[in-house]
Protein chains: 2
Amino acid sequence: MKGLLDSILKEIRPTEDESKREERIIKEIIERLKRFEIEPILVGSVAKKTDLKGDKDIDIFIMFDENTKKETLEKRGLEIGRKIFEELNARYEIDYAEHPYTIGFYKGYNIEIVPCYKTKKVKSAVDRTPHHTEYIKRKLRQNKKLRDQILLLKQFMKGIGVYGAEAKIEGFSGYLIELLVINYGSFKNVLEAAKDWRFGEIIDPENLWNKNKGIKHLFPDANLIIIDPVDRYRNAAAAVSRQSVGKFKIKADEFLKNPNRNFFFPPERKPPSIEEIKRAMLSRGTKFILLKFIHPKININSLYSQLRKTIRSVGNSIKKKGFRIMKSDFWTDEKNLSILLFEMEVWKLPMIERRRGPPVDKDKIDQNRFLKKYKNRTYLDDGRWVADVKREITDVDELLKIIIEERRGFGKNLRDETKIEIKEDDEILDIRDKKFLLFLQDFLLIFI
Amino acid sequence: MKGLLDSILKEIRPTEDESKREERIIKEIIERLKRFEIEPILVGSVAKKTDLKGDKDIDIFIMFDENTKKETLEKRGLEIGRKIFEELNARYEIDYAEHPYTIGFYKGYNIEIVPCYKTKKVKSAVDRTPHHTEYIKRKLRQNKKLRDQILLLKQFMKGIGVYGAEAKIEGFSGYLIELLVINYGSFKNVLEAAKDWRFGEIIDPENLWNKNKGIKHLFPDANLIIIDPVDRYRNAAAAVSRQSVGKFKIKADEFLKNPNRNFFFPPERKPPSIEEIKRAMLSRGTKFILLKFIHPKININSLYSQLRKTIRSVGNSIKKKGFRIMKSDFWTDEKNLSILLFEMEVWKLPMIERRRGPPVDKDKIDQNRFLKKYKNRTYLDDGRWVADVKREITDVDELLKIIIEERRGFGKNLRDETKIEIKEDDEILDIRDKKFLLFLQDFLLIFI
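All figures in this text were calculated on a predicted structure; none of them were measured in a lab. (Residues numbered from 1 in each chain as written. Chains lettered and ligands numbered in written order. Predicted model: local features only at pLDDT ≥ 70, side-chain atom pairs only at ≥ 80, totals over all residues. Heavy atoms only, no water.)

### Some words on the nonpolar core
- Counting residues in each nonpolar core, the largest one holds 56 residues, and the members touching the most others are Val314(A), Ile318(A), Leu340(A), Val314(B), Ile318(B) and Leu340(B).
- Beyond its immediate stretch of four places on either side in the chain, Ile318(B) contacts Phe323(B), Ile325(B), Phe342(B), Met344(B), Val396(B), Leu399(B), Leu400(B) and Ile403(B). (Core = buried A, V, L, I, M, F, W, Y, C linked by side-chain atoms within 4.5 Å. Buried < 20%, exposed > 50% of the residue type's maximum accessible area, 1.4 Å probe, protein only. Contact = heavy atoms within 4.5 Å.)

### Considering unusual backbone geometry
- A positive phi angle is found at Arg407(A), which is not glycine, with a value near 55°.
- For Arg407(A), the location among the structural elements is in the loop between helix 14 (396–406) and helix 15 (412–415). (Helix = DSSP H or I, 4+ residues; strand = E, 2+ residues; numbered from the N terminus.)

### Some remarks on the relation of the copies chain B and chain A
- Taken as rigid bodies, chain B and chain A are interconverted by a rotation of 180° and an axial shift of 0.0 Å, the fit giving an RMSD of 0.1 Å. When the rotation and shift are considered jointly, the pair of chain copies conforms to a two-fold rotation axis. Relative to the rotation axis, the C-alpha of Val346(B) is the closest in chain B, positioned 3.8 Å from it. (Least-squares fit on C-alpha atoms with pLDDT ≥ 70 in both.)

### A word on the packing of helix 6 (residues 146–160) of chain A against helix 7 (residues 174–184) of chain A
Residues and elements named next belong to chain A.
- Where helix 6 contacts helix 7, the axes come no closer than 9 Å and their chain directions differ by 130°. Judged by the angle between their axes, helix 6 and helix 7 are oblique. Seen from above, helix 6 lies across helix 7 with right-handed handedness. Facing Leu146, Gln149, Ile150, Leu153, Lys154 and Met157 of helix 6, the residues of helix 7 in contact are Gly174, Ile177, Glu178, Leu180, Val181 and Ile182. (Axes fitted to C-alpha atoms, helices over the stretch in contact; angles between N-to-C directions. Parallel < 35°, antiparallel > 145°, perpendicular 65-115°, else oblique. Left-handed = near helix turned anticlockwise from the far one by under 90°.)

### Details of the pairing of strand 8 (residues 231–235) of chain A
All names here are of chain A.
- As paired strands, strand 7 (residues 224–228) and strand 8 are joined by two bridges and run antiparallel to one another. Bridge pairing links Ile227 to Asn235 in strand 8.
- Linking strand 7 to strand 8, which pair antiparallel, is a turn of two residues. (Pairing = 2+ DSSP bridges.)

### Here we look at the interface of chain B and chain A
- Counting from both sides, the interface comprises 52 residues of chain B and, opposite them, 51 residues of chain A.
- Across the chain B to chain A interface the summed buried area is about 4100 Å²; carbon plus sulfur atoms make up 56%.
- Our count for the chain B to chain A interface comes out at eight salt bridges.
- Across the pair Arg284(A) and Asp388(B) runs a salt bridge whose closest N-O atoms are separated by 2.7 Å.
- Viewed at the interface, chain A and chain B are joined by 31 residue pairs in polar contact (both at pLDDT 80 or more).
- Broken down by element, the side of chain B that touches chain A gets its largest block of residues, seven residues, from helix 10 (residues 242–257) of chain B.
- For the side of chain B that touches chain A, the residue count by class is 21 nonpolar, nine polar and 22 charged. (Buried area = accessible area lost by both parts, 1.4 Å probe. Salt bridge = Lys/Arg side-chain N within 4 Å of Asp/Glu carboxyl O. Polar contact = N/O pair within 3.5 Å; in protein donor to acceptor, adjacent residues only side chain to side chain. Nonpolar A, V, L, I, M, F, W, Y, C, P; charged D, E, K, R; others polar.)

### Comments concerning helix 4 (residues 70–87) of chain B
All names here are of chain B.
- Given a rise of 1.5 Å per residue, 18 residues ought to cover 26 Å, and the 26 Å separating the end C-alpha atoms of helix 4 matches this to within 8%.
- Of the surrounding secondary structure, the elements contacted by the buried residues of helix 4 are helix 2 (16–33), strand 2 (57–65), strand 3 (91–96), strand 4 (100–106) and strand 5 (109–118).
- Just beyond helix 4, the residue with positive phi is Asn89, at close to 60°. (Expected span 1.5 Å × (residues − 1).)

### Examining the sheet that holds strand 12 (residues 352–359) of chain A
- Pairing within the open sheet is antiparallel, and its three strands lie in the order 12-14-13 (chain A). The open sheet terminates on both sides in strands that have one partner only, identified here as strand 12 and strand 13 (378–381) of chain A. Mean inter-strand twist for the sheet, computed between neighbouring axes without regard to direction, equals 35°.
- Across six bridges, strand 12 of chain A lies against strand 14 (residues 384–390) of chain A in antiparallel orientation. In the strand pairing of strand 14 of chain A, Pro359(A) is matched with Arg384(A).
- Sheet strands touched by helix 13 (residues 364–374) of chain A: strand 12, strand 13 and strand 14 of chain A. Its angle to strand 12 of chain A, the strand with the most contacts, is close to 155°.
- Helix 10 of chain B rests against strand 13 and strand 14 of chain A of the sheet, and its axis sits at about 140° to strand 13 of chain A.

### A few points about the domain arrangement of chain A
Residue and element names in this part refer to chain A.
- For chain A, the assigned domains read domain 1 (13–135), domain 2 (143–263), domain 3 (274–349 + 393–443) and domain 4 (352–390).
- Taken together, the contacts link four residues of domain 2 with five residues of domain 3.
- With both chains or domains summed, domain 2 and domain 3 bury close to 430 Å², and 46% of this area falls on carbon and sulfur atoms.
- At the surface where domain 2 touches domain 3, the tally comes to two salt bridges.
- When the shortest N-O distance is used, the salt bridge between Arg308 and Glu170 registers 3.3 Å.
- Counting across the interface, domain 2 meets domain 3 through four residue pairs in polar contact (both at pLDDT 80 or more).
- Tallied by class, the residues present in the side of domain 2 that touches domain 3 amount to one nonpolar, no polar and three charged. (Domains from an automatic or database assignment.)

### Some remarks on the packing of helix 6 of chain A against helix 10 (residues 242–257) of chain A
All names here are of chain A.
- One way to put it is that helix 6 packs onto helix 10 with a least axis distance of 11 Å and a crossing angle of 110°. In this view, helix 6 runs roughly perpendicular relative to helix 10, as classed from their interaxial angle. The handedness of the crossing between helix 6 and helix 10 comes out as right-handed. Of the residues in helix 10, those touching helix 6 at Leu153, Phe156, Met157 and Ile160 are Lys247, Phe248, Lys251, Ala252 and Phe255.
- Partitioned by chemical class, the residues of the contact of helix 6 with helix 10 number seven nonpolar, no polar and two charged.

### Quick notes on the packing of aromatic side chains
- Counted by the stated rule, this structure contains 38 aromatic pairs over all chains.
- The interplanar angle of 15° and the centroid separation of 5.9 Å between the aromatic rings of Phe156(A) and Phe263(A) together place this pair among those described as stacked. One end of the pair, Phe156(A), is in helix 6; the other, Phe263(A), is in the loop between helix 10 and helix 11 (274–284), and 107 residues separate them in sequence.
- Ring centres of Phe187(A) and Phe264(A) lie 5.8 Å apart, and the angle between their planes is 40°; this geometry places the pair in the tilted category. Taken together, the residues Phe187(A) in helix 8 (residues 187–194) and Phe264(A) in the loop between helix 10 and helix 11 connect sequence positions 77 residues apart.
- Looking at Phe187(A), the relative accessible area reads 0%, which means it is buried.
- For Phe264(A), a relative accessible area of 1% corresponds to the buried category.
- Here a set of aromatic residues connected by ring pairs shows up, and it is made of Phe156(A), Phe172(A), Phe187(A), Trp197(A), Phe248(A), Phe255(A), Phe263(A) and Phe264(A).
- Seen from the ring of Tyr117(B), Lys123(B) lies directly overhead, with NZ or CZ sitting 4.2 Å from the centre. (Phe/Tyr/Trp six-rings, centres within 6.5 Å; stacked < 30°, edge-to-face > 60°. Lys NZ or Arg CZ within 6 Å of the ring centre and 35° of its normal.)

### A look at the sheet that holds strand 3 of chain B
Residues and elements named next belong to chain B.
- Pairing in this open sheet of five strands is mixed, and the strands run 1-2-5-4-3 from one edge to the other. The open sheet has two edge strands, strand 1 (39–43) and strand 3, and neither has a second partner. If you compare each strand with its neighbour and ignore which way they point, the axes differ by 30° on average.
- Bridge count between strand 2 and strand 5: nine bridges; the pairing is parallel. Considered in strand 5, the bridge of Met63 is made with Cys116.

Structure representation (structure tokens):
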């Protein structure tokens, strides 16, 4: 395995040229920032030197005195950012985390200028970042070997698709990866441990708690618990989904059994042919229903969390009417096309349905209401009123038309200003985006 | 209401001729029984004079000394019965309750000669009957008006179909009806109370318990609790189904609102035409599946309880495979034809199904077994293994063929020596028994 990891490291360590160029850019910006009544500080992977080759993100925090009003901090934060990027002649955007901040595009780098408070007592989530950076830097000074191990774990997680805390991935942030390596000592040790993790596993790198019992109580539904060394009451792994933890466990196990470059650098996939997809669909004997959303550009994080919310809500409406879903998933091109895909197990139902009414020993008013409503369609079943009534909706198509009309429970941006179409079975293949076809390949378990 | 009840009473009180004739027959048999070393005693409704006109059942218990061995009691009991009926030149049969006993058919009467122990400390269930008879006779001597009220309640329950403790009805025995009238004082009072009963209602005619709390504990699942005056630890209503309690509640309520002869003597029903039934079936859009059993004669009580067991077991097998039943019921001509009828809501399923496997943080052996079994049909869903696999049975027809073949969970007599056929949709109308068509009318809620 050592040979493999060494060769991977050669590919992922930033070159000296790259580092020097970055340092120059950072210095230039920091110098400019020093003119203002704030303290600029480099944070993130570049500051810690745990960035992968080709990583073009530079994060600079500008720290305000802790007595500054929130409004002032936000207003000045944006002004300063704007000023800097205008001086540099760089295109920039406003983005939103805890506070709004500017992100500029300069010499091929994404440079974030984020306002925060200079304080030990964290006032907002971003205030923790300087402390995180400080903590990791100290640890890496104490043990220089850890840096390479972090790079390896980052690239591994990137390769298997669990790197990143954003809504798209719901995976491991850079900081989490660093904490794991610090805790277990090496890339390989992390994998060895992870393959045996239970959901809700507790990792406490600085032993801030005496016993694990209290921790469980604090984070009862967590899929993974990593106590933040700079705040013992915070689970640094709160944003990691069960699916990401599970995937990491399995891939760790597979890699240890069969170490292989493909985990770090998965080969590019070629989607199956339309004919292959059609054949796979037919062989399942199910019905495919797709909701196609055409929408304006939506912030990526927001888009993914809204797609999650929307698919859950549509799925519940379908189940509530008695239909059965085999499987569902969503996909987006991250520009203006998003889809929800439902594979139906039961999509047509008879013209009548049985509706349960009140038991005959309960409130007479309820009973009479039921009897009046359903007249001579009612009868007793095991001491309870039941009625055989006309089913409102016998076909999932009709239901989806209503769901689209009402758009109840849809994510905000997917509800407004979107055009929604229903596609069934073969029609879903009207969408020919290569990544969509790869999504279908996974959905249908097509192995080529 | 008084006029109505008086006119009903005229119809249901036994005539003097009838009573005298009965007395002569009873005397004749009792005299003959006195020759043996047992004590004959008249029990049941005739003894209590709570029998309805035309009721042809005479129950005579022959009481053995309580030191008699069980085998002796059973052997001698049968011998004595046989002897009597042979002397009378009467046809007779052996039937089974707690002990075997003889039932003879003499001058139009069904005469049961049942052995029991003469004892206060009840040794077997039948030993209670003489005590029951004694208790009711004493109560009726104290209040002569109760007899008519009992006759009315009996006929009412007969009319609405909840009279009789046997497996077919799972309703109210004669003794229970007597207890209800004794407790509430009159026919009308029973109905007034019953319409407001809760399931699990507690009635304690002799106030043998101080508080209801302990009783609930003793009979936790009872649909109705009537403390037996001759044994406070026995629920005399244990055999009453929830459906019978519910039906009685509703009919009591309806009768009090609109007193009417039809409750006591329901008019004979004419079944709908075959065309009407077909139309009703079609309008529901469901699939009808019928299992037709041709079997030798089976004891009626046994037949009904086996049909209940069998339909539950077949229903569970159907649901387990993912099909959905709208409604089911059974019917028998009580000779050699019985049917189970299933109305299906979902009767066809896709060629694949999703099978849930173990979560990825559990026992590796289970995980590997699952992965090996389903090879490349597996994937992770929310941190748990799932596999899309070929469904064994996609059509409820195929499943029923297997169920019939295996006959697992069928009632004993329905399993052995039976011919079973499957009929679908229109084919179920090959059965033209009038009572079956009335059964279908109720099942399909056809109102003419």
